[in-house]
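Understanding the architecture of this molecule
Listed below are the residues making up each chain.
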Amino acid sequence: MTSSFESNTYPARLSDAERERVLDVLREGAAQGRLSHETFVHRMELAFAARRTEELDALTADLVDKGRWSRRLYSAVGKVSAFSVRLRRAWQAEKLPPLLLPEPGPHPLRIGRDPANGLRLSHDTVSRLHAELSHQGAVWILRDLGSTNGTTVNGRRVTGSIVVGDGDMVGFGSVSYRLTAR
């Protein structure tokens, strides 16, 4: 005589290895920009809730490489995107007014709206004490001094200090320059 428990067929529990395989594919898809953050999180939740292998397979069906042609296509799109970013930055850098790096000295060059600064920028988006540029060893260091509208280097906001050099695009609020050593 069989019990009702034995007569019912229950699907086998998915292994942790199966779930981890799917999570690895999802992570890689997010890292490659093929999944938005929201889609990644949603699919991850579905992977943890899945009860069958088919459910897991459906979560990664659009992310699994179909062969060398898809790899080549993704590579080509990545290269074109990277080229357009480099071209835009080069174009912007050439249009910016130059900011000559000062002769190295014992004191940093203060930048801001205050008349006591070594470099006075009278623009509404520049703080009174916005940033400072100092020469340490063989490198130039740009440090944001807690400005309201921020300091940027090559389009990225500076939250502390950063090494800068000839050709870098620096921004103080809405005012931008291209650093030059000559």
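Residues numbered from 1 in each chain as written. Predicted model: local features only at pLDDT ≥ 70, side-chain atom pairs only at ≥ 80, totals over all residues. Heavy atoms only, no water.

With an unreviewed UniProt entry as reference, the protein chain is termed FHA domain-containing protein, source organism Streptomyces pristinaespiralis.

**Things to note about the overall build of the protein chain**
Formally: We count a stretch as a helix when DSSP gives it H or I for four or more residues in a row; a strand needs E for two or more, and each element gets its number in order from the N terminus. Buried residues are those whose accessible area, probed at 1.4 Å on protein chains only, stays under 20% of the maximum for their type, while exposed residues exceed 50% and partly exposed ones sit between those limits. Any two residues whose heavy atoms approach within 4.5 Å at even a single point are treated as in contact. Exposure was quantified through the Shrake-Rupley algorithm and a 1.4 Å probe, taking into account, for residues, occlusion by the shown protein chains and nothing else.
Counting secondary structure elements, the protein chain contains five helices and ten strands. Burial statistics for the protein chain: of 182 residues in total, 30% are counted as buried. Excluding contacts between residues fewer than 6 apart, the proportion of contacts in the protein chain whose partners are at least 24 apart in sequence is 42%. About 12,500 Å² of surface is accessible on the protein chain, with carbon and sulfur atoms providing 54% of the total.

**Notes on the sheet that holds strand S8 (residues 161–164)**
Short version of the rule: When DSSP finds two or more bridges between two strands, those strands count as paired.
The five strands are arranged S3-S2-S4-S5-S8 in an open sheet whose pairing can be described as mixed. The two strands at the open ends of the sheet, each matched to only one other strand, are strand S3 (119–120) and S8.

**Let's talk about helix H2 (residues 16–31)**
Residue pairs three or four apart in sequence face the same way in an α-helix, which turns once every 3.6 residues. Note the cut-off: To estimate how far a helix should extend, the number of its residues minus one is multiplied by 1.5 Å. Throughout, the arc means the angular range of directions from the helix axis out to the C-beta atoms.
For H2, spanning 16 residues, the distance from its first C-alpha to its last is 22 Å, which sits close to the expected 22 Å at 1.5 Å a residue. Within the span of H2, buried status applies to Arg-19, Val-22, Leu-23, Leu-26 and Gly-29. Here the buried residues of H2 occupy an arc of 120° about the axis, which is enough to place them on one side. Of the residues in H2, the exposed ones pointing more than 90 degrees away from the buried face are Asp-16, Ala-17 and Ala-31. Among the structural elements, helix H3 (37–49) and helix H4 (53–60) are those in contact with the buried residues of H2.

**Some details on the sheet that holds strand S10 (residues 175–180)**
We apply this condition: Fitting a line to C-alpha atoms yields each axis, with helices limited to the stretch in contact; the angle taken between N-to-C directions then spans 0 to 180 degrees.
Reading across the sheet, the five strands line up as S1-S10-S9-S6-S7 and stay open at both edges, with mixed pairing between neighbours. Pairing within the sheet leaves two strands with one partner each, and these edge strands are strand S1 (98–100) and strand S7 (156–158). Between one strand axis and the next, the sheet turns through 40° on average, direction left out of account.

**Structural notes on the side chain of Asp-144**
Note the threshold: Working convention for charge: Lys and Arg count positive, Asp and Glu count negative, and His plus the chain ends are omitted. The salt bridge criterion pairs a side-chain nitrogen of Lys or Arg with a carboxyl oxygen of Asp or Glu, the two atoms within 4 Å. Side-chain atoms alone can form a polar contact between residues adjacent in sequence; in general such a contact is a pair of N or O atoms within 3.5 Å, and within protein one must be able to donate a hydrogen while the other accepts it.
Structurally, the position occupied by Asp-144 is in strand S5 (residues 139–144). One buried charge, Asp-144, has no salt-bridge partner; the nearest side chain with opposite charge is Arg-157, at 5.7 Å. Only 3.0 Å separates the side chain of Asp-144 from the backbone nitrogen of Gly-146, close enough to count as a polar contact. Leave out the neighbours within four places in its chain, and Asp-144 touches His-130, Ala-131, Gly-150, Thr-151, Val-158 and Gly-160.

**Looking at the side chain of Thr-125**
The residue Thr-125 is located in the loop between S3 and strand S4 (131–136) in this model. There is a polar contact of 2.8 Å between the side chain of Thr-125 and the side chain of His-123. Those residues in contact with Thr-125 that lie beyond four places of it in its chain are His-130, Asn-149, Phe-172, Gly-173, Ser-174 and Val-175.

**What to know about the packing of H2 against H3**
Rules: For this classification, under 35 degrees means roughly parallel, over 145 means roughly antiparallel, 65 to 115 means roughly perpendicular, and everything else is oblique.
Relative orientation of the contacting elements H2 and H3 amounts to 175°, with a least axis distance of 10 Å. The angle between the axes of H2 and H3 places the two elements in the roughly antiparallel class. Contacts between H2 and H3 involve Arg-19, Val-22, Leu-23, Leu-26, Arg-27 and Ala-30 from the former and Phe-40, Arg-43, Met-44, Ala-47, Phe-48 and Ala-49 from the latter.

**Side note on empty space enclosed by the protein**
Selection criterion: The way it works is a 1 Å grid over only the protein atoms, where trapped points that fit a 1.4 Å probe form a cavity and open points with protein on both sides within 12 Å along at least five of seven lines form a pocket, and then any residue with an atom within 4 Å of a point lines it. Grid points are joined across faces, edges and corners, and a volume is the space filled by probe spheres set on the points.
This model, assessed by the stated rule, comprises one cavity of 30 Å³ or more. Space inside the largest cavity adds up to approximately 30 Å³. Lining the largest cavity we find Leu-99, Ile-111, Leu-133, Leu-142, Val-164, Val-170, Phe-172 and Leu-179.

**Quick look at the environment of Val-158**
Its place among the elements puts Val-158 in strand S7. Expressed as a C-alpha distance, the spacing of Val-158 and Leu-145, which sit 13 residues apart in the sequence, is 10.0 Å. For Val-158, the residues in contact, after removing those within four places along its chain, are Leu-142, Asp-144, Thr-151, Thr-152 and Val-153.

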